[in-house]
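Each chain, written out:
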Amino acid sequence: VPSTEYDIRIRPFHVYFIENEEISRVVFGISSTTKTIKTDGGTPVDSPGNVKLETVNARDLLIAWDEIDQEGVTGYEVQVFTGIDTLQETSPSERTSVPISNLEPESVYHCSVRAKTGSDNWGPWSPSVTVKTCPENMRRTLKSGEDCFALVGYYRLGRQAKSCSSENISESLVENSCLENGITVETLPIKTGYWRDSLKTDDIKKCRKPQFCDKISSMYNVTGPNSQCAMNHRGVYCFGCIGDYVLSSSGCEECTKQEEKLHKSRTRWFVVIMVILFMVGILKITCGAGVFEDSKCLKLLSCGNRERRRRNKIAECVKSVSVKCWKRLGFMFIEVKFRILMGFFQVFFSFQRTFQKGTVDTDTSLLEMITGLNPSRLADEFNIRCAYDYNHYDTLFLYTLVPIVFVIVVVGVYMLLSRVYNKYKESVRQETITTVFYLTFLVYPGVSQTILETYLCEEFPTADGNEVFKSALRADYRLSCENSKERVIALVYASIMLVVYPVGIVLLYVSFLKRYHDLILKQDSTNLNQDEKSKLKRVSFLIYPYKTERYWFETYELFRKLIQTSLVAFLQDSVFPNLSPTIAMNISIVVMVLVVFINPYKKTGDFWFAFVSLVLLIPASQLSVLELSSKQITSGNYGIMGVEFGLMVVIVLVELWLQKKGKSGGEVKDLTRTESHTDEEFVGVVNDNLNTMQENMKVKKRNAELEGEILKLIERIKGLESMVPEDEASRDAVEVAVV
């Protein structure tokens, strides 16, 4: 019943009853003044309608409703409950919206509203409205519908809100980003130079080559993971190229007909260089063994004196060129230092490729090719990709087959020369073995790393598998690690080469050292016969830089370089940041301590050069860990290289100065010598031997002349014998005349 107003007046009255009469009489008094009153409304008939949730956060919400069409409503009450348990009831309020707090994130609640009239006339509850609170740092409104959005400073990933200022992602986002509500993982403002495999992930990685990840989506309407790539780039870390473009050190370049023609010409020169390298190895064997020393090799030597070149005397040429170089540069100990230098750069460039991808200066590719004989680095210098766009698998085949072919050619040359020039058989064998050892020394770290890198892949779990591979080869992100015929062939071939190179070369060194073990241990003896000296020369490459008791150190160096160049790379996918550079640094420290403890080198200068080279590998492994720009890292690399070169020059000059002053910087014993001499004494011995060779050549020439005269004399004697008289007295006279 609605509320109603009434006018009330009160007056007294009296009823009279008359005895023995059936009627009575009522007598009214004077009425009071009129008073108006209003009655309360009845209990509300309807519940509030259009109950809605205007704002839903993680721990509070704002519920609203429409007024009921009934007079006398004095307030509303909201009930929030979960299941059958009432969580809270609000105090009656005349407002049509009420905030509810103290809720739990991502929890389901039911909300109802009722109205009242008077002081305590409550109407029915409205149908409950079910709501689920948002995750932390997210909100939902009537406009946003059923989805919660991230608040300012956060972005939405799935059902969660993550902070844009977190350590894992803040570095990769544009400054002052996430300053509005509703940022999602798909719309994250990522910096140039960063990349991710899908728009649905916040695992944003720094590009291996920052210039490849120059965002172009705003200009060219590119969507998906390729929206982070530079012009004409695509794929994993933007290492792929579109259409007729090929990848170079500076990015994807278009291959025009003119470029293709130019690159084909460069390819021919590349083949010529490879053939020349083969010929150098063959000439080293033939000339080093003395097979053609009387004519052919002399033409290849640059002797300053034309008269000597015309006389074609190898002894004079060697004396004018080699001995002077030995005197000025101290060749015997410089060779050892060059080997230490090569070993340093092999590990140094490996650190660059493993830890500093994207900051490697391509200007060092030629030096890397020289120290590791990597044909792909030579191809990079020639830039022949428009003629042949090679990848890691091509590098694997070329890098492993070329040394094998070279060894086959060298062995063939040895067998041929041994048959044709039998007297040079032993010297040819020595040069062949030494050449093979030099080859294995140069290629072992690089080719082993190339083989092992074939097994290393990087996973991209959120990639679509089309534009971006779900698994890509770390050494070449253009190649997929997913099952394919090409992948299977590469893995089988790499497994075979794993036995040939990382294992086979070590076994080769061990077998030679074991075979000549007893002879090596008595190398300092002066009682070695000529055969023992010849056999000792076969392994001189392995042992001559080291002390006799440390003859195995070259094999240890193989293991050391294998661990530092290849095995550390397997830790790249670790969940711990910067783990592999840290382990590389610790390994460098350990091997540095081992060198001090073992002290394998005969010469003091060699020891210190090797020690400092290992010390320089420590900062080389840590440049990628420091917060440095690409230019700063490149400057650091050049600084380390400069220190290494400068140190070698200083040590060489100091040793030469000490020798000139008559002080030894530490003894070096060259096993091609049968006695222990200092370098200065050895140069003197070489001079004496060359002079002796000249005298011997003169004696041989005089002997040949005398031999001719003797033959003529014998003929004359035979002629005289036919003229001898028969009587004894005459024969005696002739004999006297002949004598």
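So, here is what we can say about the structure in this document. What you see is a predicted model, and the numbers here were worked out from it, not measured in a lab. (Residues numbered from 1 in each chain as written. Predicted model: local features only at pLDDT ≥ 70, side-chain atom pairs only at ≥ 80, totals over all residues. Heavy atoms only, no water.)

All right, on to the packing of aromatic side chains then. In total, this model carries 28 aromatic pairs according to the counting rule given. Between tyrosine 546 and tyrosine 601, the aromatic rings sit 5.3 Å apart at their centres with planes inclined by 50°, giving tilted as the arrangement. Taken together, the positions of tyrosine 546 in the loop between helix H13 (540–543) and helix H14 (553–565) and tyrosine 601 in the loop between helix H15 (579–598) and helix H16 (604–622) put the pair 55 residues apart, joining distant regions of the chain. Members of the aromatic cluster, joined through ring pairs, are Phe437, Tyr438, Phe441, Tyr509, Phe512, Tyr516 and Phe541. Against the face of phenylalanine 541 rests arginine 339, its NZ or CZ located 3.9 Å from the ring centre. Note that arginine 385 overlies the ring of tyrosine 390, its terminal NZ or CZ placed 3.9 Å from the centroid. (Phe/Tyr/Trp six-rings, centres within 6.5 Å; stacked < 30°, edge-to-face > 60°. Helix = DSSP H or I, 4+ residues; strand = E, 2+ residues; numbered from the N terminus. Lys NZ or Arg CZ within 6 Å of the ring centre and 35° of its normal.)

Here the focus is the side chain of serine 448. Note on placement: serine 448 falls in helix H9 (residues 425–453). The class for serine 448 is buried, based on a relative accessible area of 0%. Leave out the neighbours within four places in its chain, and serine 448 touches Val443, Pro502, Leu562 and Ser566. (Buried < 20%, exposed > 50% of the residue type's maximum accessible area, 1.4 Å probe, protein only. Contact = heavy atoms within 4.5 Å.)

For the rest of this paragraph, the subject is a nonpolar patch on the surface. Taken together, Tyr6, Ile8, Ile10 and Ile37 make up a surface patch of nonpolar side chains, about 360 Å² in accessible area. Among the structural elements, isoleucine 37 can be located in strand E4 (residues 35–38). Accessibility expressed as a relative area gives 34% for isoleucine 37, which makes it partly exposed. (Patch = residues over 30% accessible without salt bridge, like charges linked within 9 Å, V, L, I, M, F, W, Y side chains within 5 Å. Areas by Shrake-Rupley, 256 points an atom, 1.4 Å probe, with all protein chains shown as cover. Salt bridge = Lys/Arg side-chain N within 4 Å of Asp/Glu carboxyl O.)

A word on the sheet that holds strand E5 (residues 49–56). The pairing of strands in a sheet happens through backbone hydrogen bonds and is either parallel or antiparallel. On the basis of which strands lie adjacent, the open sheet formed by five strands has the order E9-E6-E5-E13-E14 and antiparallel pairing. The sheet terminates laterally at strand E9 (97–100) and strand E14 (149–150), the two strands that pair on one side only. With five bridges joining them, E5 and strand E6 (residues 61–66) adopt antiparallel strand pairing. Note on E6: the bridge partner recorded for leucine 53 is isoleucine 63. (Pairing = 2+ DSSP bridges.)

Okay, the packing of helix H8 (residues 392–420) against helix H10 (residues 485–515) next. Packing of H8 against H10 brings their axes to within 11 Å, and their N-to-C directions diverge by 30°. Where H8 crosses over H10, the two elements pack in a sense that is left-handed. Across from Tyr393, Leu396, Phe397, Tyr399, Thr400, Leu401, Pro403 and Ile404 in H8, the residues of H10 making contact are Glu486, Arg487, Ile489, Ala490, Tyr493, Ala494, Met497, Val500 and Tyr501. Residue classes in the contact of H8 with H10 are distributed as 14 nonpolar, one polar and two charged. (Axes fitted to C-alpha atoms, helices over the stretch in contact; angles between N-to-C directions. Left-handed = near helix turned anticlockwise from the far one by under 90°. Nonpolar A, V, L, I, M, F, W, Y, C, P; charged D, E, K, R; others polar.)

What follows deals with the sheet that holds strand E24 (residues 471–473). With respect to topology, three strands assemble into an open sheet ordered E23-E24-E25, the strand pairing being antiparallel. This sheet does not close on itself; its edge strands, each paired only once, are strand E23 (457–459) and strand E25 (476–480). The sheet shows a mean angle of 40° between the axes of neighbouring strands, direction not considered. Strand direction decides the pairing type here: E24 and E25, joined by two bridges, are antiparallel. Paired with leucine 473 across the strands is aspartate 476, a residue of E25. On top of the sheet, H8 reaches E24 and E25; it is set at about 95° to E25, its chief contact.

Moving on to empty space enclosed by the protein. Under the definition given, this model contains four cavities of 30 Å³ or more. Considered as a void within the structure, the largest cavity measures approximately 180 Å³ in volume. Around the largest cavity, the lining is made up of 19 residues, and of these Ile340, Glu557, Arg560, Tyr601 and Ala610 lie nearest the centre. Residue composition of the lining of the largest cavity, by class: 12 nonpolar, two polar and five charged. (1 Å grid on protein atoms, 1.4 Å probe; cavity = no way out; pocket = protein on both sides within 12 Å on 5 of 7 lines; lining within 4 Å. Points joined across faces, edges and corners; volume = space filled by probe spheres on them.)

Scanning the model with the defined rule gives 17 salt bridges in all. Its salt-bridge partner being arginine 59, residue glutamate 104 comes within 3.9 Å of it at the nearest N-O pair. Here arginine 59 lies in the loop between E5 and E6 and glutamate 104 lies in the loop between E9 and strand E10 (108–117), a separation of 45 residues in the sequence. Residue classification places glutamate 104 among the partly exposed residues on the basis of a relative accessible area of 44%. Taking relative accessible area as the criterion, arginine 59 reaches 38% and is therefore assigned partly exposed. Linking aspartate 476 and arginine 478 is a salt bridge whose minimum nitrogen-to-oxygen distance equals 2.9 Å. One salt-bridge network, held together by shared partners, links Arg385, Asp389, Asp476 and Arg478.

The next subject is unusual backbone geometry. In this structure, glutamate 106 takes a positive phi of about 50° despite not being glycine. Here glutamate 106 lies in the loop between E9 and E10. The backbone of cysteine 238 sits at a positive phi, close to 60°, despite the residue not being glycine. Within the fold, cysteine 238 resides in the loop between strand E19 (233–234) and strand E20 (240–241).

Next up on the list: the nonpolar core. One finds Phe348 and Tyr601 to be the most contacted residues of the largest nonpolar core, which totals 39 residues. Those elements that place two or more of their residues in this core are helix H5 (331–355), H14, H15, H16 and helix H17 (630–660). Of the residues forming this core, the biggest block, 10 residues, is contributed by H5. In this view, tyrosine 601 contacts Val336, Ile340, Pro545, Tyr546, Lys547, Phe553, Asp606, Phe607 and Ala610; residues no more than four positions away in its chain are not counted. (Core = buried A, V, L, I, M, F, W, Y, C linked by side-chain atoms within 4.5 Å.)

Geometric descriptors of this kind do not, in isolation, establish any biological role.
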